Each structure stands twice: as C-alpha cells, then as structure tokens.
Amino acid sequence: MTAVAALPVVRTVPDLRGRVAAWRTEGLRVALVPTMGALHEGHLSLVRQARREADRVVATIFVNPRQFGPSEDFSRYPRREAEDAGLLAGAGTDLLFAPAVEAMYPPGFATTVSVAGVSAGLCGAARPGHFDGVATVVAKLLLQALPDVALFGEKDYQQLKVIERMVRDLDIPVAVRGVPTVREPDGLALSSRNAYLTPDERAVAPALHRVLAGIADALAAGRGSAATLTARGKAELEAAGFAKVDYLEVRDAETLVAVETAERPVRVLAAAWLGRARLIDNVPVPSR
Ligand code: PAF
C-alpha cells in the first residue's frame, strides 16, 4: 500500500478487500464513491454525503476504457491522481482504490454487464456501448468493495438509473444513493469535461441549464407539451452557440420512458456539444 497526501492508496482487489474486511470486523459501515478522477466539488459532495451515511469512505479512481467509444476522449481524459488524492483526503475519504487497467481487466476478461431498457436512448443512443462499460465496471467495483452504500451524482442521471436497475436485478447487496448535481453560480453543472471549454464556450455553456429549467417550469405550469417545448429548447441551444444537440427530452424520472406531460415525476434531460466538450445535464420537473 502507498499513501498520497496522507490518503492510503490500494491498487489491487486483495488489498482493497483486506482493508474493508478489517473495518467490517470492527462493525463499521462502509460507503463507496466510484469516480474517474479529475475531481471537482460535485465529487466531493458525494464524499461528504458518504461520510454522513457511513463510518468509512472508500473512493475509487479508474478511467474505465470500456465506457469510452473508439473516437471518444479516453486518452485525453484528465488524469491527476496526486491532486485528486489531496482533495479526497480533505473531504473525508479513508481509502483510495486506484487500480491499473490490467488489474480490472486482466488478459482473458470476457464478461459484459448489459442493462436493457434504461440504457437505451439518450446517452445510450449517442454513445453505443457506453452503459455496458459503466455497468460492467460498477458491478466489479461493488463486488470488489462490497460497501453498504454507493453514491453517484444525479448529473449522470441515466447512469444512476442504469446502476439502480442493475443492482436490483443482480441482487447486489448495496444501497444506491443519487446525490443532487452541484452547479456553478450561473447554473452550469460541474463536470470534469468543463475543462475542455474555451472562455467563449464557457460563457455560452450555462444556456444548457437555463433551457432545461425553462422547459421544466413550463411543463409544471402546464404551458405546452414536451414535444413543443423541447423543439423550441433545441432551437434556443443552437442559437446560443451549441454546435449539435444530441438529445433534449422529457422522460419518466424512474423508467426513463418518454412522456408528453408531467403527471408523474419526470425529468428533462439533454446532451449537447460546445466545441470539444459534450455537456450533459438534467433537471426534475417540479410537481404540480
Ligand atoms: O460517473 C463516473 O465517473 C463513471 O461513469 C463511473 C460511475 C465512476 C464508472 O466508471
């Protein structure tokens, strides 16, 4: 085991299991916060919530090659473990699990976890195979650490629903918690990929949240259908400077099935391109 900025770091599954098993014999409750690093306040809010829910917090940093498409940003995804470890320690993390790719996917690795239904459409349509990669790595991390609770940001809302479904379907004994999105004062959702934005693009980026919030308010007030509001919203995003809108949709908050009105809890979700950055965001529709 090594230590970075006073935070113990393990890189193998036996070392991780050894640490967690020792806590278990003391009767301690364990939380897991999976990340890909390049941490920001959104990740740290997961750690702080984890601290409130458990006696010990394990964070993971693993840039998972299986959730990136061939033309996506795997190789240029920001990697800064030492800085991240300092942030995690400051937020109350007890242990960092940062395995190498070969430790997670040794030669001969042949299993893919695929969650039908909630993985389809939205980011699943724009990024084929992405949620298979997410479900596979999260299943592994949960089974490696066997935490009592695991925390994920609501910013990746479809990911959260995929993980909830997988945990239910596979009877993985863990409570999954979604934690609200942390935003800049102008509404932009914090994301590691915001680092790709130029200053001009950064000035445009808050339009994404503004448009989503406008649609949510209109739906809550019964001012228009999902189809009309999202068509107008797409035009607004393109006029603001977004090069391409992958999707802007209104979905049932639990099943992610498309809906036209907000009779049940619904969510407005979008993904759109600004320069090299693909931004995603979502908001709940306030209940009527
Ligand atoms: O949200 C992320 O950072 C990743 O998708 C996750 C859950 C850590 C799996 O690689």
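As the structure is a computational prediction, the values presented were derived from the model and not from experiment.

The rules behind these values
Residues numbered from 1 in each chain as written. Predicted model: local features only at pLDDT ≥ 70, side-chain atom pairs only at ≥ 80, totals over all residues. Heavy atoms only, no water. Helix = DSSP H or I, 4+ residues; strand = E, 2+ residues; numbered from the N terminus. Rg over C-alpha atoms; globule rule 2.2 N^0.38 Å. Buried < 20%, exposed > 50% of the residue type's maximum accessible area, 1.4 Å probe, protein only. Areas by Shrake-Rupley, 256 points an atom, 1.4 Å probe, with all protein chains shown as cover. Lys, Arg positive; Asp, Glu negative; His and termini not counted. Charge placed at Lys NZ, Arg CZ, Asp CG, Glu CD. Expected span 1.5 Å × (residues − 1). Contact = heavy atoms within 4.5 Å. 1 Å grid on protein atoms, 1.4 Å probe; cavity = no way out; pocket = protein on both sides within 12 Å on 5 of 7 lines; lining within 4 Å. Points joined across faces, edges and corners; volume = space filled by probe spheres on them. Nonpolar A, V, L, I, M, F, W, Y, C, P; charged D, E, K, R; others polar. Near = heavy atom within 4 Å. Polar contact = N/O pair within 3.5 Å; in protein donor to acceptor, adjacent residues only side chain to side chain. Pairing = 2+ DSSP bridges. Axes fitted to C-alpha atoms, helices over the stretch in contact; angles between N-to-C directions. Parallel < 35°, antiparallel > 145°, perpendicular 65-115°, else oblique.

Visitor: How should the overall build of the chain be read in this particular structure?
Guide: Scanning the chain from N- to C-terminus turns up 10 helices and 10 strands. Computed over the C-alpha atoms, the radius of gyration of the chain is 19 Å, within 12% of the 19 Å expected from 2.2 N^0.38 for a compact globule of 288 residues. Considered along the principal axes of its C-alpha atoms, the chain spans approximately 55 × 40 × 40 Å. Buried residues in the chain amount to 53% of all 288 residues. With the model as given, the accessible surface of the chain reaches about 12,500 Å², and the carbon-plus-sulfur share is 55%. Here the chain carries 34 positive and 33 negative side-chain charges, and the mean point of each set is 1 Å from the other.

Visitor: Can you help me understand helix α2 (residues 41-53) in this one?
Guide: Every α-helix carries 3.6 residues per turn, so stepping three or four residues along brings you back to the same face. The terminal C-alpha atoms of α2, which comprises 13 residues, lie 18 Å apart, in line with the 18 Å expected from a rise of 1.5 Å per residue. Among the residues of α2, those classed as buried are G42, H43, L44, S45, L46, V47, A50 and E53. Those residues of α2 that are buried are in contact with β3 (30-35), β4 (56-61), α3 (81-91), β6 (149-153) and β7 (175-179).

Visitor: Can you help me understand empty space enclosed by the protein in this one?
Guide: Here the idea is plain: a probe the size of a water molecule rolls over the atoms and shows the empty space left. Within the structure shown, the criterion is met by 1 cavity of 30 Å³ or more. Around the largest cavity, the lining residues are K155, L188, A189, S191, N194, A205, L208, H209, R278, L279, I280 and D281. Within the residue set of the lining of the largest cavity, elements represented by two or more residues are α9 (207-220) and β10 (277-284). Looking at the lining of the largest cavity, the element that brings in the most residues is β10, giving 4 residues. Classifying every residue of the lining of the largest cavity gives 6 nonpolar, 3 polar and 3 charged.

Visitor: Is there a simple way to explain unusual backbone geometry in this structure?
Guide: Generally, phi is negative for residues other than glycine and the peptide bonds are trans, each holding for most cases. With a phi close to 50°, A38 is a non-glycine residue in the positive phi region. The exposure class of A38 is buried, given its relative accessible area of 1%. Positioned with a positive phi, D171 is a non-glycine residue whose angle comes to about 55°. Residue classification places D171 among the exposed positions, given a relative accessible area of 65%.

Visitor: Looking at this structure, I do not really get the side chain of T60. What am I missing?
Guide: Position of T60 among the secondary structure elements: in strand β4. Owing to a relative accessible area of 1%, T60 belongs among the buried residues under this scheme. Among all residues touching T60, those that are not within four sequence positions of it are L32, V33, P34, T35, L96, F97 and L141.

Visitor: So what exactly am I meant to see when it comes to the site of the ligand here?
Guide: The immediate surroundings of the ligand are formed by P34, T35, M36, Q67, V137, V138, D156 and Q159. The separation between an oxygen atom of the ligand and a polar side-chain atom of Q67 is 2.6 Å. Contacts to the ligand include Q159, whose side-chain N or O atom sits 2.7 Å from an oxygen atom. Relative to its unbound accessible area of 290 Å², the ligand is 90% covered by the protein chains. Only β3 and α6 (130-145) provide two or more residues apiece to the shell around the ligand. Class assignment for the residues of the shell around the ligand results in 4 nonpolar, 3 polar and 1 charged.

Visitor: Hey, could you run me through the pairing of strand β9 (residues 266-274) in this one?
Guide: Two faces, one strand: in a regular strand the side chains alternate between the faces of the sheet. Taken across its 9 residues, β9 has 8 buried, putting it largely inside the fold. Note: strand β8 (residues 244-252) against β9, 8 bridges, orientation antiparallel. Across the sheet, the residue bridging to V250 is V268, located in β9. By the bridge criterion, 8 bridges tie β9 to β10 in an arrangement that is antiparallel. Across the sheet, A270 pairs through a bridge with D281, a residue of β10. The antiparallel pairing of β9 with β10 creates a hairpin that spans 2 residues between the two strands, and G275 there sits at a positive phi of about 60°.

Visitor: In this structure, what is going on with the packing of helix α1 (residues 13-25) against α6? I would like to understand it.
Guide: Geometrically, a packed helix pair is captured by the angle between its two axes and the distance between the axes. Packing of α1 against α6 leaves a shortest axis separation of 8 Å and a crossing angle of 50°. By the angle between their directions, the pair α1 and α6 is classed as oblique. Contact residues: V13, L16, R17 and V20 in α1; L143, Q144 and A145 in α6. Residues that form the contact of α1 with α6 fall into these classes: 5 nonpolar, 1 polar and 1 charged.

Visitor: How do you make sense of the sheet that holds β9 when you look at a structure like this?
Guide: In any sheet, the strands associate via hydrogen bonds between backbone groups, in a parallel or an antiparallel arrangement. Taken together, the 3 strands give an open sheet; going across it, the order is β8-β9-β10, and neighbouring strands pair in antiparallel fashion. If you trace the sheet from one side to the other, it starts and ends with β8 and β10, each paired once. For this sheet, the mean inter-axis angle between neighbouring strands, taken without regard to orientation, is 10°.

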